[in-house]
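Survey of secondary and tertiary structure
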Amino acid sequence: MALAVGIRGLTRSLLRPWVRVPGPARGRTEPAAGGGDGVRCFGSPRVLVEPDPAAGFAVMKMRNPPVNSLSLEFLTELLISLEKLESDKAFHAIILTSDCPGIFSAGLDLMEMCGRDPTHYAEYWKAVQELWLRFYLSHLVVISAINGVNAAGGCLLALSCDYRVLADNPKYAMGLNETLLGIIAPFWFKDTLVNTVGHRTAERALQLGLLFPPAEALQVGMVDKVVPEDQVLSAARSELAQWLAIPGHARQLTKSLMRKPTADRLLKERDADIQNFVRFISRDAIQKALRVYLEKLKQKKT
Ligand SMILES: CCCCC/C=C\C/C=C\CC/C=C/CC(=O)SCCNC(=O)CCNC(=O)[C@H](O)C(C)(C)COP(=O)(O)OP(=O)(O)OC[C@H]1O[C@@H](n2cnc3c(N)ncnc32)[C@H](O)[C@@H]1OP(=O)(O)O
């Protein structure tokens, strides 16, 4: 099985990053995220980046409709956007949000984990690992402005941020609901949740596959602030000021000190984790459970 799938190689073959964005932003100068100083938006088909270099941050908008499910291509584009911002000294922070109304992310793309071959599962899981590692350890301040429902892998992405603002809408539940699908949140999903909400809350939430509505998400510490829906971005921007006021090297080293042990657990056994995932997801019973879940999602409409 080809475990050594290179995400960088993949990105080169799949994408032409930093094309001017298609759709509404094409060909016109968008107001920059914070300052409106005429800086152009950039991005890739599924990730829109609104930079505000004068203010030192960019808003990264996920737009993989209908539900921002984290397909291999989407993961790759998110990674490229992050790398691009990290390598530009003008940027110290990112606000991660969604461009899909009512949905932050439906989590990992079930189509990537259903009916494919082991090589694909390995490639996909390596990309999922990479996205988590890069966001979790980013030297940038990353704040998520959660403006929609946020399940499983999407929740993991938000939990990897430094601060979470959630829109106050009872429909916008978030959590690691893997057990509801008959699958298991891997140890690094679990560790990320434990680091955020503590062991007891995480244990209950993981076993029951709980999706927390905003008031509960705030109460257990899964998010840091709940605000009216139309204020999610402005609240994230206001919060940013506090983080950017701290000397960068001190904040970054402290972040690394806090997070490295958790990341190292995965880094030390990355290939074994991929093999575990491939073995687990390839099981007939798991494939059947995923098909049933997908079918239920479709039937919901009829
Ligand atoms: C002992 C050894 C252990 C080893 C362990 C090793 C590894 C661990 C193994 C596995 C871990 C794998 C981890 C997975 C984490 C995940 O992220 S799984 C994904 C979980 N996500 C969800 O449960 C959310 C599912 N979606 C929804 O609930 C709803 O779609 C929504 C987000 C609430 C939105 O609802 P809405 O009504 O607006 O939209 P629809 O439901 O109609 O959806 C539109 C369209 O999109 C499709 N879709 C939805 N979610 C996904 C998805 N996650 N992936 C792919 N496709 C999705 C849906 O089917 C619809 O499709 P259409 O009918 O064709 O239009």
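One structure accompanies this document, and this report is about it. Worth saying up front: this structure is predicted, and the values here are computed from it rather than measured.

A few words now on the overall build of the chain. In terms of helices and strands, the chain carries 11 helices and 10 strands. The buried share among the 302 residues of the chain stands at 53%. In the chain, 72% of the contacts between residues at least 6 apart in sequence involve partners at least 24 apart.

As a further point, take the nonpolar core. Core analysis: the biggest nonpolar cluster contains 86 residues, and Met 60, Leu 78, Leu 85, Trp 188, Leu 193, Met 222 and Leu 290 have the highest contact counts within it. Ranked by residues supplied to this core, first place goes to helix 3 (residues 118–136) with 11 residues. Not counting the four nearest positions on each side in its chain, Leu 78 is found in contact with Val 47, Met 60, Met 62, Leu 70, Leu 131, Phe 135 and Leu 157.

Now for the site of the ligand. Around the ligand sit 26 residues in total, of which Ala 106, Leu 108, Tyr 293, Lys 300 and Lys 301 are the nearest. Asn 177 is positioned such that a nitrogen or oxygen atom in its side chain is 3.0 Å from an oxygen atom of the ligand. Protein coverage of the free-state accessible area of the ligand, which is 1,300 Å², stands at 76%. Listed by contribution, the elements that provide at least two residues to the shell around the ligand are strand 7 (148–151), helix 4 (152–159), helix 10 (270–282) and helix 11 (284–299). Considering every element that reaches the shell around the ligand, the biggest residue donor is helix 11, with three residues.

One pass over the full model with this rule turns up seven aromatic pairs. Here the aromatic rings of Trp 132 and Tyr 136 are separated by 4.9 Å at their centres, their planes lie at 20°, and the arrangement is stacked. You can see Trp 132 and its partner Tyr 136 sitting in helix 3, four residues apart, about one turn around the helix. For Trp 132, a relative accessible area of 2% puts it in the buried group. Assessed through its relative accessible area of 4%, Tyr 136 is described here as buried. Over the face of the ring belonging to Phe 42 we find Lys 84, whose NZ or CZ atom lies 5.9 Å from the ring centre.

As a further point, take the sheet that holds strand 5 (residues 102–105). What the three strands build is an open sheet, ordered 5-7-9; its pairing is parallel. Each of the sheet's edge strands pairs with one partner strand only, and the pair in question is strand 5 and strand 9 (174–175). Examined bridge by bridge, strand 5 and strand 7 share three bridges and lie parallel to one another. By the bridge assignment, Gly 102 is partnered in strand 7 with Gly 148. The sheet contacts of helix 4 involve strand 5, strand 7 and strand 9, and relative to strand 7 the element is tilted by about 100°.

On to unusual backbone geometry, then. Here the bond from Pro 65 into Pro 66 is cis, since omega is 10°, no more than 30 degrees from zero. Of note, the phi angle at Asn 68 is positive, near 50°, even though the residue is not glycine. Despite not being glycine, Ala 152 has its phi angle at roughly 45°, a positive value. Its place among the elements puts Ala 152 in helix 4.

For an α-helix the count is 3.6 residues per turn, leaving residues at separations of three or four pointing the same way. Where burial is concerned, most of helix 4 is hidden: eight out of the eight residues are buried. Three or more residues of helix 4 are buried, namely Ala 152, Gly 153, Gly 154, Cys 155, Leu 156, Leu 157, Ala 158 and Leu 159.

Quick look at helix 2 (residues 72–86) now. Along its 15 residues, helix 2 runs 21 Å from first to last C-alpha, staying within 8% of the 21 Å computed at 1.5 Å per residue. Among the residues of helix 2, those classed as buried are Leu 72, Phe 74, Leu 75, Thr 76, Glu 77, Leu 78, Leu 79, Ile 80, Ser 81, Leu 82, Leu 85 and Glu 86.

Bringing the pairing of strand 4 (residues 93–98) into the picture now. Within strand 4, six of the six residues are buried, leaving the element largely enclosed by the surrounding structure. Neither face of strand 4 is exposed, since Ala 93, Ile 95 and Thr 97 on one face and Ile 94, Leu 96 and Ser 98 on the opposite face are all buried. Pairing of strand 3 (residues 57–62) with strand 4, which is carried by six bridges, proceeds in the parallel orientation. Paired with Phe 57 across the bridge in strand 4 is Ala 93. Handedness of the crossover is the feature at issue here: the chain leaves strand 3, passes through helix 2, returns alongside strand 4, and the resulting connection is right-handed.

Further remarks concern the packing of helix 3 against helix 10. Axis separation between helix 3 and helix 10 bottoms out at 9 Å; the angle between their running directions is 130°. As summarised for this structure, helix 3 and helix 10 are arranged oblique, according to the angle between their axes. Two packed elements cross with a definite hand, and for helix 3 against helix 10 that hand is right-handed. When helix 3 is examined against helix 10, the residues Pro 118, Tyr 121, Ala 122, Trp 125, Lys 126, Gln 129, Glu 130 and Leu 133 are found in contact with a partner set consisting of Arg 270, Asp 273, Ile 274, Phe 277, Val 278, Ile 281 and Ser 282.

The rules behind the values
Residues numbered from 1 in each chain as written. Predicted model: local features only at pLDDT ≥ 70, side-chain atom pairs only at ≥ 80, totals over all residues. Heavy atoms only, no water. Helix = DSSP H or I, 4+ residues; strand = E, 2+ residues; numbered from the N terminus. Buried < 20%, exposed > 50% of the residue type's maximum accessible area, 1.4 Å probe, protein only. Contact = heavy atoms within 4.5 Å. Core = buried A, V, L, I, M, F, W, Y, C linked by side-chain atoms within 4.5 Å. Near = heavy atom within 4 Å. Polar contact = N/O pair within 3.5 Å; in protein donor to acceptor, adjacent residues only side chain to side chain. Areas by Shrake-Rupley, 256 points an atom, 1.4 Å probe, with all protein chains shown as cover. Phe/Tyr/Trp six-rings, centres within 6.5 Å; stacked < 30°, edge-to-face > 60°. Lys NZ or Arg CZ within 6 Å of the ring centre and 35° of its normal. Pairing = 2+ DSSP bridges. Axes fitted to C-alpha atoms, helices over the stretch in contact; angles between N-to-C directions. Expected span 1.5 Å × (residues − 1). Right-handed = clockwise from strand over helix to strand, strands pointing away. Parallel < 35°, antiparallel > 145°, perpendicular 65-115°, else oblique. Left-handed = near helix turned anticlockwise from the far one by under 90°.

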